[in-house]
Amino acid sequence: MTKVLREAPLHSEASETLDPQNWDEIRAQGHRMLDDMLDYAANVRDRPVWQPIPDDVRGRFRAELPRQPAHLGEVYREFTDFIVPYATGNVHPGFMGWVHGGGTAVGMLAEMLAAGLNANLGGRDHIPIEVERQIVEWTRQMFGFPIGASGIFVTGTSMANLMAVLVARTAALGRSVRQHGVGDEGARLAAYTSTAAHGCISKAMDIAGFGSDALRCIEVDRSHRIDVAALRERIIQDRKAGLKPFLVVGSAGTVDIGAIDDLKALSALCREQQLWFHVDGAYGALGILSPALAPRLAGLEDADSIALDFHKWGQVPYDAGFLMVRDGDRHRDTFAAPAAYLRRETRGLAAGTSWPCDLGPDLSRSFRALKTWFTLKTFGTEKLGAVITRTCALAAYLETRILAEPRLELLAPVQLNIVCFRYRAADANKVNGDIVIDIQESGIAAPSTTILDGQLAIRAAIVNHRTDACDIDALISAVLEFGAQRSSCDHRLVLDVEQSPPLAM
Ligand SMILES: Cc1ncc(COP(=O)(O)O)c(C=O)c1O
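Given the structure is predicted, the values throughout are model-derived calculations rather than measurements.

Undergrad: Help me out: how do you make sense of the sheet that holds strand 9 (residues 418-423) in this one?
TA: The strands making up a sheet associate through backbone hydrogen bonding, with each pair oriented either parallel or antiparallel. Strand order across the open sheet formed by four strands is 8-9-11-10, with antiparallel pairing between neighbours. Where the open sheet ends on each side, the last strands, each with one partner, are strand 8 (408-410) and strand 10 (448-452). Each neighbouring strand pair of the sheet contributes to a mean axis angle of 45°, computed without reference to strand direction. Two strands pair when backbone bridges link them, and strand 8 and strand 9 are joined in this way by three bridges, in the antiparallel orientation. Across the sheet, residue Glu409 finds its bridge partner in strand 9, namely Arg422. Packed on one face of the sheet, helix 16 (residues 469-487) meets strand 8, strand 9 and strand 11 (455-461) and runs near 25° to strand 9.

Undergrad: So what exactly am I meant to see when it comes to the layout of surface pockets here?
TA: Each pocket or cavity is described by its volume, and for the largest pocket that value is around 810 Å³. In terms of lining residues, the largest pocket is bounded by 31 residues, among which Met37, Tyr40, Phe79, Met108 and Pro317 are the most central. Breaking the lining of the largest pocket down by element, the ones donating at least two residues are helix 2 (23-42), helix 4 (72-83) and helix 5 (105-117). Broken down by element, the residue count for the lining of the largest pocket peaks at nine residues, all from helix 2. Residue composition of the lining of the largest pocket, grouped by class: 19 nonpolar, nine polar and three charged.

Undergrad: It is not clear to me how helix 15 (residues 428-442) should be interpreted in this structure. Could you clarify?
TA: Each turn of an α-helix holds 3.6 residues, which means side chains three or four residues apart point in the same direction. Along its 15 residues, helix 15 runs 20 Å from first to last C-alpha, staying within 8% of the 21 Å computed at 1.5 Å per residue. Residues of helix 15 that are buried make contact with strand 9, strand 10, strand 11 and helix 16.

Undergrad: What am I meant to see in the site of the ligand here?
TA: Near the ligand there are 14 residues, and of these Thr157, Ser158, Asp280, Asp309 and Lys312 occur at the shortest range. His311 places a side-chain nitrogen or oxygen 3.4 Å from an oxygen atom of the ligand. Contact with the protein chains hides 84% of the accessible area of the ligand, taken as 390 Å² for the molecule alone.

Undergrad: Honestly, the side chain of Thr193 in this entry has me stumped. Any pointers?
TA: By the element assignment, Thr193 lies in strand 2 (residues 189-194). A polar contact is formed between the side chain of Thr193 and the backbone oxygen of Val249, at a distance of 2.8 Å. If near-sequence neighbours (up to four positions away) are discounted, Thr193 is found in contact with Ile201, Leu215, Arg216, Cys217, Ile218, Ile226 and Val249.

Undergrad: Hey, could you run me through the environment of Asp46 in this one?
TA: With respect to the secondary-structure elements, Asp46 resides in the loop between helix 2 and helix 3 (55-60). A residue is classified by how much of its surface remains accessible, and Asp46, at 66% relative accessible area, is exposed. Taking the C-alpha atoms as reference points, Asp46 and Asp333, separated by 287 residues in sequence, lie 51 Å from one another.

Undergrad: Would you take a moment to explain the pattern of salt bridges for this structure?
TA: This structure, assessed with the given rule, holds 28 salt bridges. Among the ionic pairs, Glu345 bridges to Arg343, the shortest N-O distance being 3.1 Å. According to the relative accessible area criterion, Glu345 is partly exposed, its value standing at 33%. By relative accessible area, which is 55% here, Arg343 ends up exposed.

Undergrad: What exactly am I supposed to notice about the sheet that holds strand 7 (residues 321-325) here?
TA: A sheet is described by the order of its strands in space; here seven strands give the open sequence 1-7-6-5-4-2-3, paired in mixed fashion. Sheet topology places strand 1 (150-154) and strand 3 (215-218) at the edges, where each strand pairs with a single neighbour. Strand-to-strand, the axes of this sheet are offset by a mean angle of 20°, without reference to chain direction. Pairing of strand 2 with strand 3 involves four bridges; the strand directions are parallel. Paired with Ala191 across the strands is Leu215, a residue of strand 3. Contacts between helix 12 (residues 263-273) and the sheet are confined to strand 4 (244-251) and strand 5 (276-280), with strand 5 contributing the most and set at about 155° to the helix.

Undergrad: Just to check I follow, could you spell out helix 13 (residues 328-335) for this structure?
TA: Looking at helix 13, one finds that the buried residues are Gly328, His331, Thr334 and Phe335. Angular distribution of buried residues about the axis of helix 13 spans 120°; they occupy a single face of the element. Check the buried side of helix 13 and you find it contacts strand 1, helix 7 (157-173), helix 8 (177-180) and strand 7. Regarding helix 13, its N-cap is Asp327, as a side-chain oxygen of that residue lies 3.0 Å from the backbone nitrogen of Asp329 further along.

Undergrad: It is not clear to me how the nonpolar core should be interpreted in this structure. Could you clarify?
TA: Across soluble globular proteins, nonpolar side chains show a tendency to be buried alongside one another. Formed by 64 residues in total, the largest nonpolar core has its most connected members in Leu231, Leu263 and Phe310. Setting aside anything within four residues of it in sequence, one finds Leu263 in contact with Ser251, Ala252, Phe277, Val279, Leu297, Ala298, Gly299 and Leu300. Within the second largest apolar cluster, 32 residues are counted, among which are Ala160, Val167, Val182 and Ala214.

Undergrad: Could you clarify how one ought to interpret the pairing of strand 5 in this entry?
TA: On a regular strand, each side chain points to the face opposite its neighbour's, so the side chains alternate between the two faces of the sheet. A large share of strand 5 lies buried, amounting to five of its five residues. Side chains of strand 5 alternate between two faces, with Trp276, His278 and Asp280 and Phe277 and Val279 buried alike. For strand 4 and strand 5, the ladder comprises five bridges, and the chain directions are parallel. Bridge pairing in strand 5 links Leu247 to Trp276. With helix 12 bridging strand 4 and its parallel neighbour strand 5, the resulting β-α-β unit is right-handed. When strand 5 meets strand 6 (residues 305-309), the two strands line up parallel, connected through three bridges. Looking at strand 6, one finds that His278 is bridged to Ser305.

Analysis parameters
Residues numbered from 1 in each chain as written. Predicted model: local features only at pLDDT ≥ 70, side-chain atom pairs only at ≥ 80, totals over all residues. Heavy atoms only, no water. Pairing = 2+ DSSP bridges. Helix = DSSP H or I, 4+ residues; strand = E, 2+ residues; numbered from the N terminus. Axes fitted to C-alpha atoms, helices over the stretch in contact; angles between N-to-C directions. Contact = heavy atoms within 4.5 Å. 1 Å grid on protein atoms, 1.4 Å probe; cavity = no way out; pocket = protein on both sides within 12 Å on 5 of 7 lines; lining within 4 Å. Points joined across faces, edges and corners; volume = space filled by probe spheres on them. Nonpolar A, V, L, I, M, F, W, Y, C, P; charged D, E, K, R; others polar. Expected span 1.5 Å × (residues − 1). Near = heavy atom within 4 Å. Polar contact = N/O pair within 3.5 Å; in protein donor to acceptor, adjacent residues only side chain to side chain. Areas by Shrake-Rupley, 256 points an atom, 1.4 Å probe, with all protein chains shown as cover. Buried < 20%, exposed > 50% of the residue type's maximum accessible area, 1.4 Å probe, protein only. Salt bridge = Lys/Arg side-chain N within 4 Å of Asp/Glu carboxyl O. Arc of directions from axis to C-beta. Core = buried A, V, L, I, M, F, W, Y, C linked by side-chain atoms within 4.5 Å. Right-handed = clockwise from strand over helix to strand, strands pointing away.

This is the structure:
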């Protein structure tokens, strides 16, 4: 041991711990922070959804490593002045970009409580682990999975999908794949999804050692649902070619337009062909809580695994991804790795098994379960389901407004809570890309874009429980206003609706 370490003081004086010297002071500061953040959520409509970060503000976050302490109040002031105004904006009801949940005050408070406990949910015998097990059990019931199914919180669905690919890999190649790698047999494995699937599936195949070429992206129908007949044909062809199909990934809510694959047909095909059936239900799987949507998710109960995010339609603050696996043993076979320092005991703090670290790559894990537990208990699944139904009703309202407006054009059928449309213009891709940025910079709303059949679409994903009809109206007005500005210099403006046929739903 170095001399410096040997000579360091052994007895901690108050000034040497990181606890406050004056608890009353930090209590007052803490109450101020809490009040401010509750005001932030309560008055979020008064703020722009998002605003560009000025150079000098960005520059503040290129500072030197702080070596000396600063007063908490001063650090907090930096937070209020330079962080709060330039956050993503997904708390705001006008945020419709990508697929972001809005969070709740309840979830925020729960996150503070979790930080106070500072629990590590890798394993061991403490009640936070039981809270996570409670959510696993509730999720099992929600999706009609059998007893013995396993589940685990992860960062998000990208991670959950990767882990599902790894579990399917173990199911196909046996546990020995963990020692020997995928080898020659693994090089023959093929997985299947649709062209509308999220990019993280291809990334998962890459990271799992198969390479993204081993993922077959099957064509979709007009509603972006996988063509099950084409999938079957491709599986048969691949078998004939000496490949070994092992996995089908269905989508419960595609990222672009919210399509739900025919999960019943996929599960039947997977059973017949003896393939692992995984469902990417990032946001759509929680549609199971909405009586209006649940029937469209039929077949989900037959999946071998489901990936989903409580931080999207579940409104739990980021992050709260989740993986559920029908056969818990297979799940453990994929990730459990004994180590002397993680020995399980029959009593004491190391009692109990299995631990969450047996179900995923992480050992240190935060208490994501607490904010989810608070959310489910405080609101109840009926209310959460009603919120989900309402976001779809708002999407239908946006669709109606678009169809009634000759200057706008719907680019995809509205099936769930996502609406893709554009402003009619000659150079439509350029004009609509600019419109979206203009709207984001105006602070009125925050839609995003996607490309559908080579056409740039304005994409509004209505996920936030705070979004209301007035926010849809504000989005439409903004698109029309910025569209008129953007295309006023475009003399080839196309206003003749007759030129493009209406979209068949
Ligand atoms: C269908 C789908 N799959 C996967 C993901 C990735 O989820 P995450 O961002 O939680 O990793 C998303 C994100 O929106 C998604 O919509």
